[in-house]
Each structure stands twice: as structure tokens, then as C-alpha cells.
Amino acid sequence: MSAQNTELHLTPRGRQAVRLLRTLLVALVVIGGAVLLATQSFSAAAVAESETESIGIDAEAVVVGEGESLWTVASNLGIDRDTRDVVADIVEINHLDTPTVHPGQTLDVPVR
């Protein structure tokens, strides 16, 4: 018995078709990922907004600066309340597990 050559040989047009299919597949994965990320961020923003309304606190977005803590952010708001209460509101609004914040982080904070 002789071994049969079962190797696939593509014509130049066949190779071009395979490259096109591979490119389309990669493009679909990238576009699908982008749509998924966009949907997640929009829905997260909508949930955060509706939750802020449901707890009865008007809020605005603030970006944490270099060297700022949650206490610093709360005291810089100029709200005429105990800073501990303002910190508690920020933790509740943003569903924070820890009081640690990072520079560049966006927090929803109570409005004066």
C-alpha cells in the first residue's frame, strides 16, 4: 500500500479567500468586544444614576486628585455637614468596599 498525499493545496484565489475569512472573523470579534464594553459602561452609568436617585441624594461626578483621600474629597466639597456623614454618603453612592481611592478615579459625590 502506498501512502496517499492528503495535503490540501489551495489556489491563489483560495488562499485569498481564507485570508479574507480570517480577517472578517477577527473584525467581528473586535467589533463584538467593543459593543459589549460600550453596553456595559452605558448600563453601569445608568444603574449608578438610578441608584443615586433611589437613595434620595443629588450627586455630581468628581475626579480624585493626586494625594487625595476619601476624607479629603468629602471635606473639599464644602457641604455644611459632618465630614464623616459625607464620607458615608460617598461610600454608599459609589458602593465602595474600602475607603481607598486612587488618583484619576471618578466618584459620584453629594451636591451641596
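Thresholds, definitions, all that
Residues numbered from 1 in each chain as written. Predicted model: local features only at pLDDT ≥ 70, side-chain atom pairs only at ≥ 80, totals over all residues. Heavy atoms only, no water. Helix = DSSP H or I, 4+ residues; strand = E, 2+ residues; numbered from the N terminus. Buried < 20%, exposed > 50% of the residue type's maximum accessible area, 1.4 Å probe, protein only. Contact = heavy atoms within 4.5 Å. Areas by Shrake-Rupley, 256 points an atom, 1.4 Å probe, with all protein chains shown as cover. Salt bridge = Lys/Arg side-chain N within 4 Å of Asp/Glu carboxyl O. Expected span 1.5 Å × (residues − 1). Arc of directions from axis to C-beta. Patch = residues over 30% accessible without salt bridge, like charges linked within 9 Å, V, L, I, M, F, W, Y side chains within 5 Å. Core = buried A, V, L, I, M, F, W, Y, C linked by side-chain atoms within 4.5 Å. pLDDT = per-residue confidence, 0-100.

Trainee: An account of the overall build of the protein chain is requested, with residue identities and associated values reported.
Mentor: Tallying secondary structure elements over the protein chain gives three helices and two strands in all. Ordered by position in the sequence, the α and β elements of the protein chain form the string α-β-α-α-β. Within the protein chain, the proportion of its 112 residues that are buried is 19%. For the protein chain, restricting intrachain contacts to residue pairs at least 6 apart in sequence, the fraction spanning at least 24 positions comes to 60%. For the protein chain, the exposed surface amounts to about 8,600 Å²; the carbon and sulfur share of it is 59%.

Trainee: So what's going on with unusual backbone geometry? Which residues, and what values?
Mentor: The phi dihedral of H95 is positive, around 55 degrees, even though this residue is not glycine. Within the element layout of this structure, H95 appears in the loop between helix 3 (83-94) and strand 2 (106-110). For H95, a relative accessible area of 52% corresponds to the exposed category.

Trainee: Lay out the pattern of salt bridges with the relevant residues and their values.
Mentor: Counted by the stated rule, this structure contains two salt bridges. One salt bridge in this structure joins D89 and R81, with 2.7 Å as the shortest N-O distance. Relative accessible area serves as the criterion here: at 39%, R81 is assigned to the partly exposed category. Taking the shortest distance from any N to any O, the salt bridge between R84 and D82 comes out at 2.7 Å.

Trainee: Please set out helix 3 residue by residue, giving values where relevant.
Mentor: For helix 3, which comprises 12 residues, the first-to-last C-alpha distance of 16 Å matches the rise-based estimate of 16 Å (1.5 Å per residue) to within 8%. Among the residues of helix 3, those classed as buried are T83, V86, V87, D89, I90, I93 and N94. Buried residues of helix 3, seen end-on, are gathered within an arc of 160 degrees and therefore sit on one face of the element. Downstream of helix 3 by a residue or two, H95 has a phi angle that is positive, lying close to 55 degrees.

Trainee: Residue-level account of a nonpolar patch on the surface, with values.
Mentor: Together, L8, L10 and V18 make up a nonpolar patch on the protein surface, roughly 280 Å² of accessible area in all. By the element assignment, L8 lies in the segment before helix 1 (12-54). A relative accessible area of 68% places L8 in the exposed class.

Trainee: Requested: an account of the nonpolar core, with residues and values cited.
Mentor: Of all hydrophobic cores here, the largest spans 13 residues; its most connected members are L70, L77, V86, I90, L107 and V109. With near-sequence residues (within four places) excluded, V109 lies in contact with D58, A59, E60, V62, V73, L77, I90 and I93.

Trainee: So what about the confidence of the model for the protein chain? Which residues, and what values?
Mentor: In the predicted model, the protein chain carries a mean pLDDT of 84, and 82% of its residues have values of at least 70. Taking the mean pLDDT of every element in the protein chain, the minimum, 81, falls on helix 1 and the maximum, 93, on helix 2 (residues 70-76).

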